[in-house]
Each structure stands twice: as structure tokens, then as C-alpha cells.
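In case you want the letters, here they are:
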Amino acid sequence: MRAVLMGPPSAGKGTQAARLGTELKVPHISTGDMFRAAIAAGTELGRQARGFMEAGKLVPDEVTMGIVRERLAHEDAQSGFVLDGFPRTVPQAEGLSKILASQGVKLDAVVLIDVPEDELIRRATGRRICQECGRVYHVEWNPPPGDACECGGALVQRKDDSPETVTERLATYRAQTEPLRDYYSVEGSLAVVDGMGDPDEVHRRIVRVLGRCS
Ligand code: AMP
């Protein structure tokens, strides 16, 4: 299965893509995770990506295409993958389709996780992450035991989850990523799934639509 999970920031793409990748036994490929790992490792790629990410903007297409092209060439991605957060622009979608055509394959499904904007803002701005163990809390529906994590680590807000950056990320999504909805609708590979509610229920909805694509 070669699938793309699309959706606005905080729609739940990361959670759903990780779970699908495990179940389908294909790699979960997240460009956001790759950029964050590069920043943490202090690489040149991280240096290039950091400013864009912290401002809620997209990393330029040529940089993003470079890391995806390299990742999709790995042995483990030959029999399938779940892409999370890529493509995010029409040129990226065109680039992806060229890479796949050069391998003689194509996408099986593009799933758009749909969540209303007020909910996206609540999800992102309430998220807190433990600096020590990486555990993710939410101030409203999964609050930490006190000011710190259960492990004692300090809780921080991801820089790109601040209210200003979330607003900017949503604007970026509307301007640059929303057009992919039409792009993939025309191709006939788009399925829209309701992203509200319990993650298990959202997962079941995604599995149902993927069942129709395979
Ligand atoms: P995510 O974890 O998918 O929300 O991505 C976090 C940030 O990484 C985004 O707000 C962008 O700045 C950057 N990013 C991730 N994927 C892409 C992409 N496909 N194209 C450009 N920038 C990206």
C-alpha cells in the first residue's frame, strides 16, 4: 500500500500514520519528523529548515523534495509507505508522482483527515511535551499531574504550537496545501475522512476507506 495522509496541522496525521504504518508493515514517513530530527542533530538540513518551521511556513520545495526522494529510494519503502505531511504543495505532489512513475508504481490512496479550524486551534495550542521523555499531554483533555510531567521532566510547548504560529500554519495550509484537494480529486485518489472524535474511531474510518482503495 502506498498511501498519503493529508490534513491541516493537528488533524491527527502523525498518530494515524504511525498506526497505519505498523499495521500495514510499511514505513511511516513524516517530513516534519525528519526536519525535527535534523534540527536536533544540528545538521545543515536542520539549519535550513528551522527558521521556516518556527515561523509556521513551509520549508522550500527543493529542500523537501530532496529528503523525500532520498527516503523513498530506501529498500524498506519499495513495497509501500504511509506519507505523513507530504506532499504539502502542488509542485511536491507533481514531484512525488514523477518519483513513483520512475519506479513504475503509483499511489493507492490519498486520505484527507478533515477537522474544523476551531478544534485544530484548541488541539495545537493546548499541547504540552515533556522535555525529558517526550510524552505528550493536552491541558484540557489529557492534563499532566501538575506543573511537570509524570517523570518529573519540564513541560514545554512546541515552538510551532504557539497561538501566533498555529494561526500562520493554518493560513499556510489554506494557501498552499488546500489546492491539493482538487489536485487529488481530479486524479480520483482522494478520500475525505472525518477527523473528529476518538483516535480509534478515526483509525477505523481510515481503514474502511483504504479497504476500498486496495
Ligand atoms: P508537521 O510535523 O507535519 O506538522 O510539520 C512541521 C513543520 O515542518 C511544518 O509546519 C513545515 O514547516 C515543515 N514541513 C513538514 N513537512 C513539510 C513539507 N512537505 N513541505 C514543506 N515543509 C514541511
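Being a predicted model, the structure only gives us computed values, none of them experimental.

Chemist: Any details on helix 2 (residues 31–41)? Residues and values, ideally.
Modeler: Turning to helix 2, its buried residues number three or more, namely Thr31, Gly32, Phe35 and Ala38. Each buried residue of helix 2 sits inside an arc of 125 degrees when the element is viewed along its axis, so together they form one side. Facing away from the buried side of helix 2, by more than 90 degrees, are the exposed residues Ala40 and Ala41. Against strand 2 (28–30), helix 3 (44–54), helix 4 (61–72) and strand 3 (81–84) lie the buried residues of helix 2. In the segment just after helix 2, Gly42 is the residue with positive phi, at about 70 degrees.

Chemist: Which residues make up the packing of helix 6 (residues 117–125) against helix 7 (residues 163–177), and what values do they have?
Modeler: With their axes 10 Å apart at the nearest point, helix 6 and helix 7 run at an angle of 140 degrees to one another. Taken together, helix 6 and helix 7 sit at an angle that is classed as oblique. Handedness of the helix 6/helix 7 crossing: right-handed. Judged by residue contacts, Glu117, Leu120, Ile121, Ala124 and Thr125 of helix 6 engage Pro163, Val166, Leu170 and Arg174 from helix 7. Considering only residue class, the contact of helix 6 with helix 7 consists of six nonpolar, one polar and two charged.

Chemist: Just give me the short version of the environment of Glu132, but keep the residues and values in it.
Modeler: The topology assignment puts Glu132 in the loop between strand 5 (127–130) and strand 6 (136–138). Not counting residues up to four positions away in its chain, the partners in contact with Glu132 are Cys151 and Gly153.

Chemist: Can you break down the packing of helix 7 against helix 8 (residues 179–187) residue by residue, with the values?
Modeler: For any two helices packed against each other, the geometry is given by the interaxial angle and the distance between the axes. Relative orientation of the contacting elements helix 7 and helix 8 amounts to 35 degrees, with a least axis distance of 5 Å. Here Arg174, Ala175, Gln176 and Thr177 of helix 7 come into contact with helix 8, specifically with Pro179, Leu180 and Arg181.

The rules behind the values
- Residues numbered from 1 in each chain as written.
- Predicted model: local features only at pLDDT ≥ 70, side-chain atom pairs only at ≥ 80, totals over all residues.
- Heavy atoms only, no water.
- Buried < 20%, exposed > 50% of the residue type's maximum accessible area, 1.4 Å probe, protein only.
- Helix = DSSP H or I, 4+ residues; strand = E, 2+ residues; numbered from the N terminus.
- Arc of directions from axis to C-beta.
- Contact = heavy atoms within 4.5 Å.
- Axes fitted to C-alpha atoms, helices over the stretch in contact; angles between N-to-C directions.
- Parallel < 35°, antiparallel > 145°, perpendicular 65-115°, else oblique.
- Left-handed = near helix turned anticlockwise from the far one by under 90°.
- Nonpolar A, V, L, I, M, F, W, Y, C, P; charged D, E, K, R; others polar.

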